[in-house]
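Letter by letter, the chains look like this.
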Amino acid sequence: MDVKITTGASVSRTVSTGVTSVAVEFSRHVDFMKYVWMDEVLDLQFIGLTLGFGSLQRSHHVLCDCNLAKWGMNSKVLCDSGQVNCVFSTSRQSTFTLNNITTNLSLIHPLVTPSPHRYQSATAISSPSIMAQDDECRSSEASSLISPYDEAMDALSSLITQKSRADQTNAGLRFDLMFDYVKILDLEEAMSKMKIIHVAGTKGKGSTCTFTEAILRNCGFRTGLFTSPHLIDVRERFRLDGVDICEEKFLAYFWWCWNRLKEKCNDDIPMPNLFRFLALLAFKTFSAEQVDVAIMEVGLGGKFDATNVVQTPVVCGIASLGYDHTEILGNTLGAIAGEKAGIFKKGVPAFTVPQPDEAMEVLKEKASQLDVSLQVAYPLDRKLLNGLNLGLVGDHQYVNAGLAIKLCSTWLQNTGHLEPDSTDQNISLPQQFIKGLTTATLQGRAQIIPDPSLDIESVGNLVFYLDGAHSPESMEVCANWFSLAIKEDDRQERTSNKLIPLSHGETTSKDSTQILLFNCMAVRDPQLLLPRLVKTCGGHGINFNKALFVPNMSLYTKVGSTSSLSSTDHVADVSWQLTLQRVWENIIFGERGNTNNGDLVSVEGKDYSETIVKSCENSVVFSSLPLAIKWLRDAAKQNRSVRMQVLVTGSLHLVGDVMKLLKK
């Protein structure tokens, strides 16, 4: 993990035997092309020094007394005899001197924040006059400087090639470049040794990967999990031992990959697009962190997905297949199955869940061609959980859990941690498996969040039910979950005997009303999504009082972070939302005719003329998501006798945007 930075002539200094005090002068250098301060006002943490002695290169802890200054650092080091080579972590390329003798600087696990564009390059050490001039300039620049993390997000955003998630790279455009990138990053050997579980599918692959990670983590293994997309922060895609990667490690590995690729890429080997870069970053991170198992979720398709640069996985999995991204993968289940089966590797075992006949035939054919042992993983029998529930909600999760169990068992067997057939998982499950399955968590899927902004008396008046369903099949699953969830919530509300005070000492129980907050990508067909939602909810006796259609806040041209929220000042194009509204009104008219579900929610005394783009009998189009959330909150405050249950669905981007606003 050492990163060698030559900041001057490679020389060394020999000190006398015994304990010697060596003055270390840290002077500013003007070559900022690769490394800059982590904090522009210089809030530098002196990580520590390591001393190397001759050819032995033994490491010793050293004592250091740091005196931080705006442009430099002075430190005293107590050391033994030998050649002194100070190794520490910093975030700016600078001259390192021992009694004014320039030497080399190495970084061990560098917590660095390189800036490829902010400064001009130079070769000379700054003179006092230049430093004084720079001092004056920096004070004026400080207010406009962005954080190191946001700077990384800007760099990531430059890799976005177009607005839609699916582009021609998913159809195989120059997929061979992935192998060039792996070579540039020196990841070939590391990836060949990595114990990888690779999972594709249309629905449930993220949940399957989440269950798989939780099981193996509870078995005592160090886990790495790569999933997509992220909801709030890009670091969600990289999980170490079940936790999102910390900002410091993310920045270190990000800039390590970025700088190497920037240096080596050219017209023949251009910089990778966003998802390819993120997949490479995952391999680098998991390699450096020495995980025992890396669980890699396919982004889109399989055959030409960036994660499919993996050549020797331990086991592969195919979750439920359906119609999604048909413009890239094909418009038949057979064609889609063929693309997903592209992750099969010769002789590597694979599992799939029960599939439609058309899809299963193709999977079996592809497996046979590669001598792959393809087996069907059947849904988990809930009795094996000993009365507990899965950590992820919904009956469909038992399908994903069944696949995860097979993937974990095979991984344990093939890596020498479990004897074949040592446990019969149709009869019982190891306690580690049960704990993993019942404690697994995944944001934005069947998640319930009461609005945290309301006062204590209004708690429960506004509740958001979030699920990132965006295909016809997942929309039906989402509708079933939502319908059952609100029925259970209403039952608990009734049994709690919560009454609302009225005038003259009278009381009443709360009514509940269901509202849909919806958006989907323009490549999806609302004629397939919305009718499935309405029909399934209607089958449970659930009818939406109102549907709200909004544009997403997150931009396809910008990778955001936890702190970044787009401004509501700009005027968004809501032509697609107006199309969704027309589809919705036609569906509701066909279901109910001219009769309305009864408008239980109203907001009085406020002018929303500039907020609402178009209001119809059963739906409203808002100019932005924050304004829609504000309308919902105002309605909740004015209608204290009504519990507003808001289903947020149609897009994981929308779910993530809502979660950002609720956490703000």
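Shown above is the structure to which this text applies.
This one's a predicted model, so the numbers in the text were calculated from it and none came from an experiment.

1. Some thoughts on the environment of Asp292
Logical step 1: With respect to the element layout, Asp292 can be found in the loop between helix H7 (274-288) and strand E14 (293-297).
Logical step 2: Overall, Asp292 belongs to the partly exposed group, its relative accessible area being 33%.
Logical step 3: When neighbours within four sequence positions are excluded, Asp292 is seen to be in contact with Lys195, Phe221, Arg222 and Trp411.
Logical step 4: A distance of 2.7 Å separates the side chain of Asp292 from the backbone nitrogen of Arg222, its partner in a polar contact.

2. Notes on helix H5 (residues 205-218)
Logical step 1: Over its 14 residues, H5 extends 20 Å from the first C-alpha to the last, a length consistent with the 20 Å expected when each residue adds 1.5 Å.
Logical step 2: Taken across its 14 residues, H5 has twelve buried, putting it largely inside the fold.
Logical step 3: Taken together, the buried positions of H5 are occupied by Lys205, Gly206, Ser207, Thr208, Cys209, Thr210, Phe211, Thr212, Glu213, Ala214, Ile215 and Leu216.
Logical step 4: Packed against the buried residues of H5 are strand E10 (196-200), strand E11 (223-226), E14, helix H11 (397-414) and helix H12 (431-439).
Logical step 5: The positive-phi residue at the C-terminal boundary of H5 is Gly220, with phi of around 100 degrees.

3. Some words on the side chain of Asn552
Logical step 1: As for its placement among the helices and strands, Asn552 is situated in the loop between strand E23 (544-549) and helix H15 (575-592).
Logical step 2: For Asn552, a relative accessible area of 16% puts it in the buried group.
Logical step 3: Only 3.0 Å separates the side chain of Asn552 from the side chain of Asn519, close enough to count as a polar contact.
Logical step 4: Residues within four places of Asn552 in sequence aside, it is in contact with Asn519, Ser651, His653, Leu654 and Asp657.

4. Some thoughts on the packing of aromatic side chains
Logical step 1: Per the counting criterion, the structure on display carries 20 aromatic pairs.
Logical step 2: Here the aromatic rings of Phe518 and Phe549 are separated by 6.2 Å at their centres, their planes lie at 80 degrees, and the arrangement is edge-to-face. Placement of Phe518 in strand E22 (residues 511-518) and of Phe549 in strand E23 is noted, with a sequence separation of 31 residues between them.
Logical step 3: Overall, the relative accessible area of 0% leaves Phe549 in the buried class.
Logical step 4: Taking the centre distance of 6.3 Å and the plane angle of 70 degrees together, the rings of Phe549 and Trp584 count as edge-to-face. Of this pair, Phe549 sits in strand E23 while Trp584 sits in helix H15; the two residues are 35 residues apart in sequence, bridging distant segments of the chain.
Logical step 5: Aromatic rings pair up to connect Tyr149, Phe226, Phe238, Phe250, Phe254, Trp255, Trp258, Phe275 and Phe277 into one cluster.
Logical step 6: When the ring centre of Trp256 is taken as origin, the NZ or CZ atom of Lys284, which lies over that ring, is 3.5 Å away.
Logical step 7: The lysine or arginine in question, Arg382, covers the ring of Tyr398, its NZ or CZ lying 4.2 Å from the ring centre.

5. Looking at the pairing of E10
Logical step 1: Among the five residues of E10, five are classified as buried, and the element is accordingly described as predominantly covered.
Logical step 2: Burial along E10 is two-sided: Ile196, His198 and Ala200 facing one way and Ile197 and Val199 facing the other are all buried.
Logical step 3: Two elements, E10 and E14, share four bridges in a ladder whose sense is parallel. Looking across to E14, one finds that His198 is bridged to Met296.
Logical step 4: Bridge count for E10 against strand E15 (residues 315-318) is four bridges, and the pairing is parallel. Paired with His198 across the strands is Cys316, a residue of E15.

Quick notes on the rules
- Residues numbered from 1 in each chain as written.
- Predicted model: local features only at pLDDT ≥ 70, side-chain atom pairs only at ≥ 80, totals over all residues.
- Heavy atoms only, no water.
- Helix = DSSP H or I, 4+ residues; strand = E, 2+ residues; numbered from the N terminus.
- Buried < 20%, exposed > 50% of the residue type's maximum accessible area, 1.4 Å probe, protein only.
- Contact = heavy atoms within 4.5 Å.
- Polar contact = N/O pair within 3.5 Å; in protein donor to acceptor, adjacent residues only side chain to side chain.
- Expected span 1.5 Å × (residues − 1).
- Phe/Tyr/Trp six-rings, centres within 6.5 Å; stacked < 30°, edge-to-face > 60°.
- Lys NZ or Arg CZ within 6 Å of the ring centre and 35° of its normal.
- Pairing = 2+ DSSP bridges.

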